[in-house]
Each structure stands twice: as structure tokens, then as C-alpha cells.
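Each chain, letter by letter, is given below.
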Amino acid sequence: MATHYYTVSWDQLHRDSKALAWRLNALAPFDGIVAITRGGLIPAAIVARELECRLIETVSIVTYDEERIGKPTITKPPTAAGDGAGFLIIDDLVDTGTTAREVRQLLPRAHFATVYAKPAGKALVDTFITEVSQDTWILFPWDTEPQFVAPIARAGTPPRGS
């Protein structure tokens, strides 16, 4: 299966995270938010602002090594969240569900929300904004830098004037 890349800008991430907050507002108030590091930190900050939630906890679960999925390792548990009752879990993306399963075991009573969801993991979250195909690799703004891209008409051809 070929991998497709989907670039998300800072502006788009902000809009999508704010859209997530709109959906979650109907369920508010929450006692606190658990951000899944690192990808969930920025969406969690946006959602926390929009929902006026000031208690932010984090959970760190390492599952990726570049683009390869490995065995999940909890490097920082979300101690302040207890069993998750009254808490909102925020992540940027649910992919295969590996991280989501681990977090669900830690916080079974929390509401789980992600900005983006892939088919293999979307059933593990309660709320998400945008579904992308399983073979799509999302390039988040913290993973990319703006750079020049040649026009489509020039793809595979030498530059004009050469």
C-alpha cells in the first residue's frame, strides 16, 4: 500500500482544534484535560482555552520511531487524572489505536477526543473532527518547514532555460 502525505498548516490545525472544542463544548464542563504528548499538546492547549479549562495533565506514551510503530511504553503516567472521571483526553491523531488502547486502560472513564482519525483507530475515540485514510501520513506543522516546490508542470522535467 502506497503512503500518501497530507500536510497540515498551523492555521488548519488551529481551525480543526477549535472545531473539536465546539463539539466538546456540549459535553463541558470537564474537570481537566489530559494531553497525549507530544502531538496532543497543541490541540489540548487550544481546546483548553476554548473550554476555559485550566487543569492540564499529560501522559507520555512512546509508540513511533520515525514512521515505524513499535511496542508502547508509558514514560509519564497521568497521575492527576485518576481513572479519568471528569477528564478529557486530547490527541492530534488516532492511527492504529495502539496509543489509544493504552490510554483507555489508564483512564477508562475519560472522554477521548482527537483532531484526526484513521479507520483502524476511530472506534477507540469518542469524538474526532476529520477522518483520513489509513495509508495517509499526516505531516503536522511541528514536523515540517516551508520550502519552495516546483510547479506541477515542471515535475520530472529539467528547469526551463537549461
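The preceding data block contains the structure.
Not measured: the values here are computed from a predicted model. (Residues numbered from 1 in each chain as written. Predicted model: local features only at pLDDT ≥ 70, side-chain atom pairs only at ≥ 80, totals over all residues. Heavy atoms only, no water.)

Q: Help me understand the side chain of Thr127 in this model?
A: Position of Thr127 among the secondary structure elements: in strand β7 (residues 127-131). Looking at Thr127, the relative accessible area reads 11%, which means it is buried. Those residues in contact with Thr127 that lie beyond four places of it in its chain are Leu20, Arg23, Leu24, His111, Phe112, Ala113 and Thr114. (Helix = DSSP H or I, 4+ residues; strand = E, 2+ residues; numbered from the N terminus. Buried < 20%, exposed > 50% of the residue type's maximum accessible area, 1.4 Å probe, protein only. Contact = heavy atoms within 4.5 Å.)

Q: Looking at this structure, how should I read the pattern of salt bridges?
A: As a working rule, side chains carrying opposite charge can pair if their charged atoms are close by. Counted according to the given criterion, the structure contains seven salt bridges. A salt bridge links Asp83 to Arg109; its shortest N-O distance comes to 3.3 Å. Highlighted residues: Asp83 in the loop between β4 (68-76) and β5 (87-94) and Arg109 in the loop between α3 (98-106) and β6 (111-117), separated in sequence by 26 residues. A salt bridge links Asp126 to Arg104, with the nearest nitrogen and oxygen atoms 3.0 Å apart. You can see Asp126 sitting in the loop between β6 and β7 and its partner Arg104 sitting in helix α3, a full 22 residues away along the chain. Each of the salt bridges in this network shares a partner with another, and the network as a whole consists of Lys18, Arg49 and Glu50. (Salt bridge = Lys/Arg side-chain N within 4 Å of Asp/Glu carboxyl O.)

Q: What's the story with a nonpolar patch on the surface in this structure? I'm lost.
A: Together, Trp10, Leu41, Ile42 and Trp142 give the surface a local cluster of nonpolar side chains, amounting to about 360 Å² of exposed area. Topologically, Ile42 is positioned in helix α2 (residues 41-51). (Patch = residues over 30% accessible without salt bridge, like charges linked within 9 Å, V, L, I, M, F, W, Y side chains within 5 Å. Areas by Shrake-Rupley, 256 points an atom, 1.4 Å probe, with all protein chains shown as cover.)

Q: What is the right way to look at the environment of Thr75 in this model?
A: Considering the arrangement of structural elements, one finds Thr75 in strand β4. Counting along the chain gives 66 residues from Thr75 to Ser9, while the straight-line C-alpha distance between them is 28 Å. The residues touching Thr75, leaving out its near neighbours within four places in the chain, are Ser60 and Val62.

Q: Honestly, the environment of Ser133 in this entry has me stumped. Any pointers?
A: Relative to the assigned elements, Ser133 resides in the loop between β7 and β8 (136-139). Placed 10 residues apart in sequence, Ser133 and Ala123 show a C-alpha to C-alpha distance of 14 Å. Sequence-distant contacts of Ser133, that is, excluding residues within four places in its chain, are made with Lys118 and Pro119. A polar side-chain atom of Ser133 sits 2.6 Å from a polar atom in the side chain of Asp135. Side-chain polar atoms of Ser133 contact the side chain of Thr136, separated by 2.6 Å. (Polar contact = N/O pair within 3.5 Å; in protein donor to acceptor, adjacent residues only side chain to side chain.)

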